[in-house]
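Examining the three-dimensional arrangement
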Amino acid sequence: SDPSSTANRRNIPDTCGVCHGEITAQFKSSIHGRAVAAGSRDAPVCIDCHGEHGILSSADLGSPTYAANVARETCGRCHGDARLGRFVPSA
């Protein structure tokens, strides 16, 4: 709950960005990153798709970010919820 903690949900992209700067920049300009910046608690941050500690490479068949798993295991978990589709951050 500490807003200055590196593990605070809103700070997760910056925490991951210490090593993954280019990806973090892409995330921040994405619809999800803009929603997080606008205060949405429902918008995903890095750990929602990649996990927290047992992060697997996107080349690993068991990874939720492996190409064949993305639609069902990653995007589909949230995009199947019509409530989440109503939040649209300003550009």
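Structure: above.
Regarding the overall build of the chain
A tally of regular secondary structure across the chain gives five helices and zero strands. In sequence order, the chain lays out its α and β elements as α-α-α-α-α. A compact globule built from 91 residues should have a C-alpha radius of gyration of about 12 Å, and the chain, at 13 Å, falls within 12% of that. Its C-alpha atoms put the chain at 35 × 30 × 25 Å along the principal axes. For the chain, the residues scored as buried account for 22% of the 91 residues in total. Taking the contacts inside the chain whose residues are at least 6 apart along the sequence as the reference set, 39% of them involve residues at least 24 apart. Considering the chain, the positive charge centre built from 9 side chains and the negative charge centre built from 9 side chains are found 8 Å apart.

What about the nonpolar core?
One finds Ile12, Phe27, Ala35, Val36, Ala43, Val45 and Cys46 forming the largest nonpolar core, which totals seven residues. Contacts of Val45, omitting those with residues within four sequence positions, involve Arg9, Ile12, Pro13, Phe27 and Val36.

As for the pattern of salt bridges
Within this structure, the stated rule accounts for three salt bridges. Between Arg9 and Asp48 there is a salt bridge; the shortest N-O distance is 2.5 Å. Of this pair, Arg9 sits in the segment before helix H1 (12-17) while Asp48 is found in helix H4 (residues 46-50), placing the two residues 39 residues apart along the sequence. Across the pair Glu73 and Arg72 runs a salt bridge whose closest N-O atoms are separated by 2.7 Å.

Side note on the side chain of Asn11
If you trace the backbone, Asn11 turns up in the segment before H1. A distance of 2.7 Å separates a polar side-chain atom of Asn11 from the backbone oxygen of Ser5. Here Asn11 is in contact with Pro3, Ser4, Ser5 and Thr6, once residues within four sequence places are set aside.

Some thoughts on the environment of Asn8
Its location among the elements puts Asn8 in the segment before H1. Counting along the chain gives 21 residues from Asn8 to Ser29, while the straight-line C-alpha distance between them is 20 Å. When sequence neighbours within four positions are dropped, the list of residues in contact with Asn8 reads Ser1, Asp2 and Pro3.

Procedures and definitions
In every chain, residue numbers begin from 1 and rise along the written sequence. Where totals are concerned, whole chains, interfaces and linings use all residues; where local detail is concerned, this predicted model gives features only for residues with pLDDT of at least 70, and gives and counts side-chain atom pairs only at 80 or more. To get the side-chain values, all heavy atoms of the structure are used, and hydrogens and water are removed first. The helix and strand labels rest on DSSP assignments: H or I over at least four residues marks a helix, E over at least two residues marks a strand, and numbering proceeds from the N terminus. Here the globule rule reads 2.2 Å times residues to the power 0.38, and the radius of gyration is calculated from C-alpha atoms. Classification of residues uses two cut-offs on accessible area relative to the type maximum, computed with a 1.4 Å probe and protein chains only: under 20% is buried, over 50% is exposed, and between them is partly exposed. Throughout, a contact is declared for two residues whenever any of their heavy atoms are within 4.5 Å. His is not counted here, nor are the chain ends, while Lys and Arg score as positive and Asp and Glu score as negative. Charge positions come from single atoms, namely NZ of Lys, CZ of Arg, CG of Asp or CD of Glu. What is meant by a nonpolar core is a set of buried Ala, Val, Leu, Ile, Met, Phe, Trp, Tyr and Cys residues, joined one to another through side-chain atoms within 4.5 Å. One speaks of a salt bridge when a side-chain nitrogen belonging to Lys or Arg is within 4 Å of a carboxyl oxygen belonging to Asp or Glu. Each polar contact in these results corresponds to two N or O atoms within 3.5 Å; when the atoms are within protein, one needs to be able to donate a hydrogen and the other to accept it, and residues that are neighboring in sequence are counted only if both atoms are side-chain atoms.

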